[in-house]
Amino acid sequence: MAKIKTAFFCQNCGVQSAKWIGKCPSCNEWNTFVEEVLTTAEDPLWKEEKSINKTRSKPIPIDEIEMNIEQRIDTHDQELNRVLGGGIVSGSLVLIGGEPGIGKSTLLLQIALQLNKVKVLYVSGEESEQQIKMRAHRIGHQSNSLFILTETNLNSIFEQIKLLKPSILIVDSIQTLFTEKVEAAPGSVSQVRQCAGELMKYAKNASTPVFLIGHITKEGSLAGPKILEHMVDTVIQFEGDQHLSYRILRTTKNRFGSTSELGIYEMVHNGLRQVSNPSEILISQREDGFSGISIGASLEGNRPLLIEIQSLVSTAAYGTSQRSCTGFDAKRLNMLLAVLEKRGGYRLGLMDVFLNIAGGLRIEDPAIDLAVAVSIISSLEEVPISKKACFAAEVGLGGEIRAVNRIENRIIEAEKLGFEQIYISEYNTKGLTLSRHKIEIKPYSRLDLVLSDLIK
Ligand code: TYD
Ligand code: MG
């Protein structure tokens, strides 16, 4: 009898090893190696009946390659369209990851229902037809071109696909699928990899877009192998706080668009509602007179977002100061604190500093630096910042106020939302016609000058 070949796979990142090892050399996780049976190279499960292309490829000069303008399917959901880079590209493989209960199934079912007249097959390995029907009823849309299949065996799924010939395939979730070609359990590295590989061949050969739902481990990465992220065209994370109703779609990889786009939704009683003007929800309706709050004019992708930054600065107990921030880079916070201490003369060394970006967002745009610095000093000095002021500038190590990109977009958004002053860098004023804007533009070159103007 032929010996069954096995190998060990890291369940975290998918690295293969001939023998068991305690610590993964690739991702440094401990105790993640599990033995799985290796597969032999067999025929792929998905084969297009007629067109098995046997011809070898030849090199072609690049100017002779015909460019097909990509056909994109409109999802009728502006947020998802934007995140995908303008709709669904045919033959693309999209992975949507997120924690349990965040709303992945709801989002894709809702999209499938909205795509009326496009034949969609929704394969569920997690819920029964009844449960899906109940959810569809709750969402409230009607569609006569959506088909539900509750199946986890990939071979049977492909049989049904051949009969139905859907225009879009949704798989909920990739971790529940299995193929008999691999002996490992569903959800294991080799199963996930094999099934995703087969689905990728199907997507490319049949030019059918495939959406895969993937679970996320408690560490926040996609469960199963990192390899899945390499295989697919687009990786979308669906994130949000379980206790808040806002949900954010964020691309971490996109072969057909930018990765800096955000989609924002609110989970309501009948599904996910698109939030087309997020600045309104990100800025709380606060009363005047609270210190430690400032508004930063940030840009996520092409989209200007005004966000509220909240700081609390208080004397550290027992002389050991704590710094904690949510939604902002901790190292950047420390840098800003050092700049405030050194260039502004503020005594922050023995203070606890807590920083929070409202709405559960995570912001990497350096243009909110100035707003962060202002909110910290506002809390330290207990001087509130006007509700009508906002900030868009980076702060340098010398305490200088630096220019940021696309300042005009930020100014226009601030103006639209009724702000009366925007503090920017002096270097950003070149090319700006200040008189064109109703909002008062306040250019500065140094952080201490901004602070002494605001906090008298
Ligand atoms: P679900 O899509 O099942 O999450 P996932 O597939 O990511 O695990 O989302 C489930 C949650 O969403 C559940 O806690 C209930 C809530 N929900 C609503 O608040 N409103 C709705 O209309 C629906 C369908 C779900
Ligand atoms: Mg689900």
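Because the structure is predicted, anything quoted here is derived from the model rather than measured. (Residues numbered from 1 in each chain as written. Chains lettered and ligands numbered in written order. Predicted model: local features only at pLDDT ≥ 70, side-chain atom pairs only at ≥ 80, totals over all residues. Heavy atoms only, no water.)

> Can you help me understand the sheet that holds strand 11 (residues 234-239) in this one?
By definition, the strands of a sheet pair up through backbone hydrogen bonds, in either a parallel or an antiparallel sense. Strand order in the open sheet formed by nine strands is 8-7-9-10-6-11-12-13-14, with mixed pairing between adjacent strands. Every other strand in the sheet has two partners, leaving strand 8 (146-150) and strand 14 (271-274) as the edge strands with one partner each. Ignoring strand direction, the axes of neighbouring strands in this sheet form an average angle of 25°. Helix-sheet contacts for helix 2 (residues 104-114) involve strand 6 (93-98), strand 7 (120-124), strand 8, strand 9 (168-172), strand 10 (210-215), strand 11, strand 12 (246-254), strand 13 (262-268) and strand 14, and the interaxial angle to strand 10 is about 165°. Sheet strands in contact with helix 3 (residues 129-139) are strand 7, strand 8 and strand 14, and its direction is about 150° off that of strand 8. (Pairing = 2+ DSSP bridges. Helix = DSSP H or I, 4+ residues; strand = E, 2+ residues; numbered from the N terminus. Axes fitted to C-alpha atoms, helices over the stretch in contact; angles between N-to-C directions. Contact = heavy atoms within 4.5 Å.)

> Honestly, the nonpolar core in this entry has me stumped. Any pointers?
Residues Leu 370 and Ile 376 are the most contacted members of the largest nonpolar core, which totals 45 residues. Secondary-structure elements contributing two or more residues to this core are strand 13, strand 16 (303-315), helix 8 (330-344), strand 18 (351-357), helix 9 (369-381), strand 19 (389-392) and helix 11 (447-454). In contact with Ile 376, other than residues within four places in its own chain, are Ser 311, Val 313, Leu 333, Leu 337, Leu 340, Leu 348, Val 353 and Leu 355. Counting 29 residues, the second largest nonpolar core, distinct from the first, contains Leu 80, Leu 107, Phe 211 and Tyr 265. (Core = buried A, V, L, I, M, F, W, Y, C linked by side-chain atoms within 4.5 Å. Buried < 20%, exposed > 50% of the residue type's maximum accessible area, 1.4 Å probe, protein only.)

> Teacher, can you tell me more about the pattern of salt bridges here?
Once their charged atoms are close, side chains differing in charge can pair, the charge on each being opposite to the other. Going through the model one piece at a time under the given rule, you end up with 18 salt bridges. Two residues, Lys 181 and Glu 198, come together in a salt bridge whose shortest N-O distance is 2.7 Å. Separated by 17 residues along the polypeptide, Lys 181 in the loop between strand 9 and helix 5 (189-206) and Glu 198 in helix 5 bring together distant segments of the chain. The pair formed by Lys 181 and Glu 198 is uniform in burial state, with each residue classed as buried. The salt bridge partner of Arg 402 is Glu 400, with a shortest N-O separation of 3.9 Å. On the accessibility criterion, Arg 402 (38% relative accessible area) is partly exposed. Here the residues in one salt-bridge network are Glu 239, Arg 250, Arg 362 and Glu 364, joined through shared partners. (Salt bridge = Lys/Arg side-chain N within 4 Å of Asp/Glu carboxyl O.)

> Explain helix 8 here, please?
Working note: α-helix, 3.6 residues per turn, so residues spaced by three or four point in the same direction. Taking 1.5 Å of rise per residue, 15 residues should cover 21 Å, and helix 8 covers 20 Å from first to last C-alpha, within 8% of that figure. Listed as buried for helix 8 are Leu 333, Met 335, Leu 336, Leu 337, Val 339 and Leu 340. Just beyond helix 8, the residue with positive phi is Gly 345, at close to 75°. (Expected span 1.5 Å × (residues − 1).)

> Mind showing me how you'd approach the site of ligand 1 here?
Around ligand 1 lies a shell of 15 residues, among which Gly 101, Ser 105, Thr 106, Val 268 and Gly 271 are the nearest. Gly 103 is positioned such that a nitrogen or oxygen atom in its backbone is 3.0 Å from an oxygen atom of ligand 1. Against a free-state accessible area of 560 Å², the protein chains account for coverage of 75% of ligand 1. Those elements that provide at least two residues to the shell around ligand 1 are helix 2, helix 3 and strand 13. Residue composition of the shell around ligand 1, by class: four nonpolar, seven polar and four charged. (Near = heavy atom within 4 Å. Polar contact = N/O pair within 3.5 Å; in protein donor to acceptor, adjacent residues only side chain to side chain. Areas by Shrake-Rupley, 256 points an atom, 1.4 Å probe, with all protein chains shown as cover. Nonpolar A, V, L, I, M, F, W, Y, C, P; charged D, E, K, R; others polar.)

> Mind showing me how you'd approach the sheet that holds strand 2 (residues 16-17) here?
Here three strands make up an open sheet; going across it, the order is 2-1-3 and the pairing antiparallel. The open sheet has two free edges, formed respectively by strand 2 and strand 3 (33-37), since each of these has just one partner strand. Note that strand 1 (residues 6-10) and strand 2 share two bridges and pair antiparallel. Each bridged residue has a counterpart across the sheet, and for Phe 9 the counterpart in strand 2 is Gln 16. Against the sheet, helix 5 touches strand 1 and strand 3, its axis set at about 90° to strand 1.

> Just to check I follow, could you spell out the side chain of Lys 104 for this structure?
Here Lys 104 lies in helix 2. Among buried charged residues, Lys 104 stands out as having no salt bridge; its nearest opposite-charge side chain is Glu 126, 6.7 Å away. Residue contacts for Lys 104: discarding those within four places in its chain leaves Ile 96, Gly 97, Gly 98, Glu 99, Ile 213, Gly 214, His 215 and Phe 238. (Lys, Arg positive; Asp, Glu negative; His and termini not counted.)

> Looking at this structure, how should I read the packing of helix 9 against helix 11?
A packed helix pair is summarised by two numbers, namely the angle formed by the two axes and the spacing between the axes. Where helix 9 meets helix 11, the axes come as close as 11 Å, and the angle between the chain directions of the two elements is 45°. Between helix 9 and helix 11, the interaxial angle falls into the category oblique. Crossing hand, helix 9 versus helix 11: right-handed. On the side of helix 9, the interface is formed by Leu 370, Ala 373, Val 374 and Ile 377, while helix 11 contributes Leu 447, Val 450, Leu 451 and Leu 454. Looking at side-chain class alone, the contact of helix 9 with helix 11 contains eight nonpolar, no polar and no charged residues. (Parallel < 35°, antiparallel > 145°, perpendicular 65-115°, else oblique. Left-handed = near helix turned anticlockwise from the far one by under 90°.)

> Help me understand the domain arrangement of the chain, please; the structure alone is not making it clear to me.
Many descriptions give the size of an interface as the accessible area lost when the pieces come together. One can read the domain layout of the chain as domain 1 (1-40), domain 2 (74-274) and domain 3 (280-454). With 11 residues of domain 2 at the contact, the number on the domain 3 side is nine residues. Roughly 960 Å² of surface becomes buried between domain 2 and domain 3 when both sides are summed, with 53% attributable to carbon and sulfur atoms. The three residues of domain 2 that bury the most area against domain 3 are Tyr 246, Arg 250 and Leu 262, which together make up 41% of that side's buried surface. Taken together, the links from domain 2 to domain 3 amount to one salt bridge. In this structure, Glu 239 engages Arg 362 in a salt bridge whose closest nitrogen and oxygen atoms are separated by 3.7 Å. Here domain 2 and domain 3 share zero residue pairs in polar contact (both at pLDDT 80 or more) between them. Secondary structure elements with two or more residues in the side of domain 2 that touches domain 3: helix 1 (78-84), strand 12 and strand 13. In terms of residue class, the side of domain 2 that touches domain 3 is built from four nonpolar, two polar and five charged. (Domains from an automatic or database assignment. Buried area = accessible area lost by both parts, 1.4 Å probe.)

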